Amino acid sequence: MAVAVYPGSFDPVTLGHYDIIERSAKIMDRVIIGVLNNNSKTPLFSAEERVNMLKSVTAGLPNVEIQSFEGLLVDFVKKNHADVIIRGLRAITDFEYELQMSQTNRVIAPGVDTLFLTTNLKYSYLSSSIVKEIAMYQGDISMFLHPEIARKVEEKMAARKKSGE
Ligand code: PNS
């Protein structure tokens with residue numbers, strides 16, 4: 001049984017992430033999405049909210065499950081007896097960081113390999129940060145996210161604005 005971990009911040013999950021999840025679920029027997037719960041980053045959504053949003057968009061993919069993790073990715077991979085880490089590559093600009101991460105992971109945990117999937121061209125420009133920036137200025141984010149996720153981002157931005165954050 002081939003088990004993969006697809007890790008990330010997913011703040012929030014975009015259609016680009018979903019494309020990678022859907023394709024991974026076709027290749028692997030089981031895909032565990034690892035949502036990084038890292039206190040040093042200040043995400044828009046809590047880890048619990050990000051997990052729930054991922055659960056909602058992957059409800060139709062029976063071999064995909066969602067967990068949050070803290071600490072080292074390789075420890076999360078080992079704990080779940082996964083075979084590989086999956087990462088999406090959008091453009092050459094991603095490559096240096098991704099190469100460094102995958103090589104570091106393999107040095108600190110020999111045997112933990114990374115599989116790269118090239119992002120669908122349709123989403124090659126897309127990132128959670130860009131989506132949040134557009135939403136911050138009330139731009140239309142409906143073409144980047146599942147409708148329920150777009151709604152949550154808009155609600156969160158409106159609440160932040162109201163509270164003066
Ligand atoms: O979606 P992101 O923010 O690009 O994902 C980055 C992530 C979560 C894969 C990376 O930051 C990570 O693995 N963090 C866990 C801590 C860790 O293992 N660091 C060493 C990796 S070289």
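See the structure shown above.
Residues numbered from 1 in each chain as written. Predicted model: local features only at pLDDT ≥ 70, side-chain atom pairs only at ≥ 80, totals over all residues. Heavy atoms only, no water.

Draft legend 1. A look at empty space enclosed by the protein. Taken as a whole and judged by the stated rule, the model has one cavity of 30 Å³ or more. Estimated volume of the largest cavity: approximately 40 Å³. Together, Pro-7, Leu-73, Ile-85, Arg-87, Glu-98, Met-101, Ser-102, Asn-105, Thr-114 and Phe-116 line the largest cavity. Broken down by element, the lining of the largest cavity gets its largest block of residues, four residues, from helix 4 (residues 92-108). Along the lines of polarity and charge, the residues of the lining of the largest cavity split into five nonpolar, three polar and two charged. (1 Å grid on protein atoms, 1.4 Å probe; cavity = no way out; pocket = protein on both sides within 12 Å on 5 of 7 lines; lining within 4 Å. Points joined across faces, edges and corners; volume = space filled by probe spheres on them. Helix = DSSP H or I, 4+ residues; strand = E, 2+ residues; numbered from the N terminus. Nonpolar A, V, L, I, M, F, W, Y, C, P; charged D, E, K, R; others polar.)

Draft legend 2. Representation of the pairing of strand 4 (residues 84-89). Counting buried positions along strand 4 gives six out of six residues, so the element sits mostly inside the fold. Judged by which residues are buried, strand 4 turns out to be covered on both faces: Val-84, Ile-86 and Gly-88 on one side and Ile-85, Arg-87 and Leu-89 on the other are all buried. Of the pairings in the sheet, the one linking strand 1 (residues 3-8) to strand 4 comprises two bridges and is parallel in character. Each bridged residue has a counterpart across the sheet, and for Val-5 the counterpart in strand 4 is Ile-85. Of the pairings in the sheet, the one linking strand 4 to strand 5 (residues 113-118) comprises six bridges and is parallel in character. (Buried < 20%, exposed > 50% of the residue type's maximum accessible area, 1.4 Å probe, protein only. Pairing = 2+ DSSP bridges.)

Draft legend 3. Representation of the nonpolar core within the structure. Grouped together as the largest cluster of nonpolar side chains are 36 residues, with contacts concentrated most on Ile-33, Leu-54, Val-64, Ile-141, Leu-145 and Val-153. Mapped by element, the contributors of at least two residues to this core are strand 1, helix 1 (15-27), strand 2 (30-36), helix 2 (47-57), strand 3 (64-69), strand 4, helix 5 (128-136) and helix 6 (147-163). Per-element tally for this core: the top contributor is helix 1, with five residues. Look past the residues within four positions of Leu-54 in its chain and what remains in contact with it is Phe-10, Val-13, Ile-21, Ile-33, Val-35 and Ile-66. With 12 residues, the next largest nonpolar core counts Val-5, Phe-69, Ala-82 and Ile-85 among its residues. (Core = buried A, V, L, I, M, F, W, Y, C linked by side-chain atoms within 4.5 Å. Contact = heavy atoms within 4.5 Å.)

Draft legend 4. Highlighting the layout of surface pockets. What the largest pocket holds in volume is close to 1,000 Å³. Put simply, the parts of the chain that give the lining of the largest pocket at least two residues each are strand 1, helix 1, strand 4, helix 4 and helix 5. A per-element tally of the lining of the largest pocket places helix 4 first, with seven residues. Taken together, the residues of the lining of the largest pocket break down into 14 nonpolar, 15 polar and eight charged.

Draft legend 5. Here's a closer look at unusual backbone geometry. Here the amide bond leading from Asp-11 into Pro-12 is cis, since omega sits at 5°, within 30 degrees of zero. Looking at the element boundaries, Pro-12 is found in the loop between strand 1 and helix 1. Here the phi dihedral of Phe-10 falls at roughly 50°; this positive angle occurs in a residue that is not glycine. Tracing the chain through its elements places Phe-10 in the loop between strand 1 and helix 1.

Draft legend 6. Molecular detail of the site of the ligand. Around the ligand, 14 residues are found, and the nearest of them are Gly-8, Ser-9, Gly-71, Leu-73 and Arg-87. The backbone of Leu-73 places a nitrogen or oxygen atom 2.8 Å from an oxygen atom of the ligand. Separating an oxygen atom of the ligand from a side-chain N or O atom of Arg-87 is a distance of 3.0 Å. Considered on its own, the ligand offers 550 Å² of accessible surface; in the complex 76% of this is hidden by protein. Taken atom by atom, the bulk of the ligand overlaps the largest pocket. Per-element tally for the shell around the ligand: the top contributor is helix 4, with four residues. Of the residues contributing to the shell around the ligand, the split by class is seven nonpolar, five polar and two charged. (Near = heavy atom within 4 Å. Polar contact = N/O pair within 3.5 Å; in protein donor to acceptor, adjacent residues only side chain to side chain. Areas by Shrake-Rupley, 256 points an atom, 1.4 Å probe, with all protein chains shown as cover. Sits in = over half its atoms within 2 Å of the grid points.)

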